[in-house]
Amino acid sequence: MRFPEFSGEWETKSINDLADVIGGGTPDTTVKSYWDGGIQWFTPSEIGKNKFVDASLRTITEDGLNNSSAKLLPPNTILLSSRATIGECSLSLRECATNQGFQSLVSKKCNVDFLYYLIQTKKKDLIRKSCGSTFLEISANEVRKIQVSVPSDVEQQKIAGLLSLIDKRIATQNKIIEDLKKLKSAIVDKLYSSTNGKTYSFCQLFEVVNEKNKKLAYKNVLSASQELGMIERSNINIDIKFEQESISGYKIVRKGDYVVHLRSFQGGFAFSDTTGICSPAYTILRPNDLVVYGYLSHFFTSKPFIKSLKLVTYGIRDGRSINVDEWLDMPILLPSAQEQMRILTIVNAIDAKLHNEAKVQFCLSSQKSYLLNTMFI
């Protein structure tokens, strides 16, 4: 797909013809004088969501820069991740440095915005040319050898201009979603911290159930998702092969149940809006009539609740587990059924808005992907 005013063949070049490829590095983390300085220092997890990045999570000093393999990169450098999700990129708005998980591109003979979009179309090539036993990584030399096709400067500007408009809209949409998430979090913290209600222990509200799928009545396997609760594995791109007979030992999750999973640092309790089966490693909690359907789904992901779990969690890092027996003895202030419904109505309205905005975001991203696939050779 091409703008009608342009014709003629695109010219084949290598990335090395168009840009300098520069790696990164990490200063010694034990030397305090190397850190918390005035130089932005990016890691792969910080780039790729939006076109532009400005402030990094961590910064380094000039001493840190000079005593590591990190390089000071000019503004408008394409920060290209070369490991741990290869091929993600963003444009830096100011001077910065990166860790060793990058092979950044400093444009020398190409419109930098066009090059930013062009390199996104070569993600499969980048992955294919990567290697490594512990993790996949692509070297600077391999990046330099990537073959691309480029049009005239004027056509580069035209293509980049169109895609930049879509990226601006995507960035706006990302901001809308992030703000809605913050609003929801604040409202949940406020509404669920009300002092009105009656105090119960969780064991007065929940029953631990161990209903096995012995008759193979259900075959839809559910997994825990932090934002979506219990959802089918296929919906979160998890494809675990298993024998059908093995699911006879899986636990049945009924609609309205809560499932305790391992991610205590995220809440550790997933609400199920559907009936299915899950791993026998999960603990199934079935609420009684005192709890309005779905009322605690938002509370179980709130900051105050997650903080309270520190008293009943054991282990370190992502493997921390919740002692369910101890948790069942913990107190909770539960409002009347009418008040629970009022709170649910408010929070669910924000959730519905978030869902709609996420659909818009998906459509914008799909539009951008289509253009990247059809406007580049």
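None of these values were measured; they are calculated from a predicted model.

Comments concerning helix H10 (residues 337-374)
- In this model H10 runs 55 Å from its N-terminal to its C-terminal C-alpha over 38 residues, within 8% of the 56 Å that 1.5 Å per residue would give.
- Within the sequence span of H10, burial applies to Gln340, Ile343, Leu344, Val347, Ile350, Leu354, Glu357, Leu364, Lys368, Leu371 and Leu372.
- Those residues of H10 that are buried are in contact with helix H3 (112-120), helix H6 (153-191), helix H7 (295-299) and strand E22 (331-334).

Digging into the nonpolar core
- One finds Ile15, Ile78, Leu105, Phe114, Leu115 and Phe376 to be the most contacted residues of the largest nonpolar core, which totals 36 residues.
- With near-sequence residues (within four places) excluded, Phe376 lies in contact with Trp10, Phe114, Tyr117, Leu118, Thr121, Ile159, Leu163 and Leu371.
- In terms of nonpolar packing, the next biggest core, distinct from the first, is built from 31 residues, Val188, Leu191, Tyr258 and Val312 among them.

A few points about the packing of aromatic side chains
- On inspection of all chains with the given rule, the structure shows 24 aromatic pairs.
- The ring of Trp35 is capped by Arg58, whose NZ or CZ atom sits 4.0 Å from the centre of that ring.
- Here the basic side chain of Lys158 rests over the ring of Phe3, its NZ or CZ set 5.2 Å away from the ring centre.

Considering the sheet that holds strand E8 (residues 96-98)
- Here we have three strands laid out as an open sheet, ordered E5-E3-E8, and mixed in their pairing. In the strand order of this sheet, the two ends are held by strand E5 (58-60) and E8, each with one partner. Averaged over all pairs of adjacent strands, the angle between their axes in this sheet comes to 70 degrees, without regard to strand direction.
- Pairing between strand E3 (residues 35-42) and E8: three bridges, direction parallel. Considered in E8, the bridge of Phe42 is made with Thr98.

Some thoughts on the environment of Ile350
- Position of Ile350 among the secondary structure elements: in helix H10.
- Separated by 170 residues in sequence, Ile350 and Leu180 have C-alpha atoms that sit 7.4 Å apart.
- With residues up to four places along the chain from it excluded, the contact list for Ile350 reads Leu180, Lys184 and Ile187.

Examining unusual backbone geometry
- Of note in the backbone geometry, Asp36 takes a positive phi value of approximately 60 degrees without being a glycine.
- Of note, Asp36 is situated in strand E3.
- You will see that Asn76, though not glycine, has its phi angle at about 65 degrees, which is positive.
- Here Asn76 is to be found in the loop between helix H2 (62-66) and strand E6 (78-80).
- Classification of Asn76 as partly exposed rests on a relative accessible area of 41%.

Structural notes on the layout of surface pockets
- A volume near 530 Å³ is recorded for the second largest pocket.
- Contributions of two or more residues to the lining of the second largest pocket are made by H3, helix H4 (123-128), H6 and H10.
- Sort the elements by how many residues they give to the lining of the second largest pocket and H10 lands first, with five residues.
- Of the residues belonging to the lining of the second largest pocket, the class tally is six nonpolar, eight polar and eight charged.

Quick look at the packing of H6 against H10
- At a minimum axis distance of 10 Å, the contact between H6 and H10 shows a crossing angle of 165 degrees. If you check the angle between H6 and H10, you find them roughly antiparallel. In the packing of H6 onto H10, the handedness of the crossing is left-handed.
- Of the residues assigned to the contact of H6 with H10, the class counts are 20 nonpolar, five polar and nine charged.

Notes on the environment of Asn66
- Looking at the secondary structure, you find Asn66 in helix H2.
- For Asn66, a relative accessible area of 58% puts it in the exposed group.
- Taking the C-alpha atoms as reference points, Asn66 and Asp189, 123 residues apart in sequence, are found 45 Å from one another.

Procedures and definitions
- Residues numbered from 1 in each chain as written.
- Predicted model: local features only at pLDDT ≥ 70, side-chain atom pairs only at ≥ 80, totals over all residues.
- Heavy atoms only, no water.
- Helix = DSSP H or I, 4+ residues; strand = E, 2+ residues; numbered from the N terminus.
- Expected span 1.5 Å × (residues − 1).
- Buried < 20%, exposed > 50% of the residue type's maximum accessible area, 1.4 Å probe, protein only.
- Contact = heavy atoms within 4.5 Å.
- Core = buried A, V, L, I, M, F, W, Y, C linked by side-chain atoms within 4.5 Å.
- Phe/Tyr/Trp six-rings, centres within 6.5 Å; stacked < 30°, edge-to-face > 60°.
- Lys NZ or Arg CZ within 6 Å of the ring centre and 35° of its normal.
- Pairing = 2+ DSSP bridges.
- Axes fitted to C-alpha atoms, helices over the stretch in contact; angles between N-to-C directions.
- 1 Å grid on protein atoms, 1.4 Å probe; cavity = no way out; pocket = protein on both sides within 12 Å on 5 of 7 lines; lining within 4 Å.
- Points joined across faces, edges and corners; volume = space filled by probe spheres on them.
- Nonpolar A, V, L, I, M, F, W, Y, C, P; charged D, E, K, R; others polar.
- Parallel < 35°, antiparallel > 145°, perpendicular 65-115°, else oblique.
- Left-handed = near helix turned anticlockwise from the far one by under 90°.

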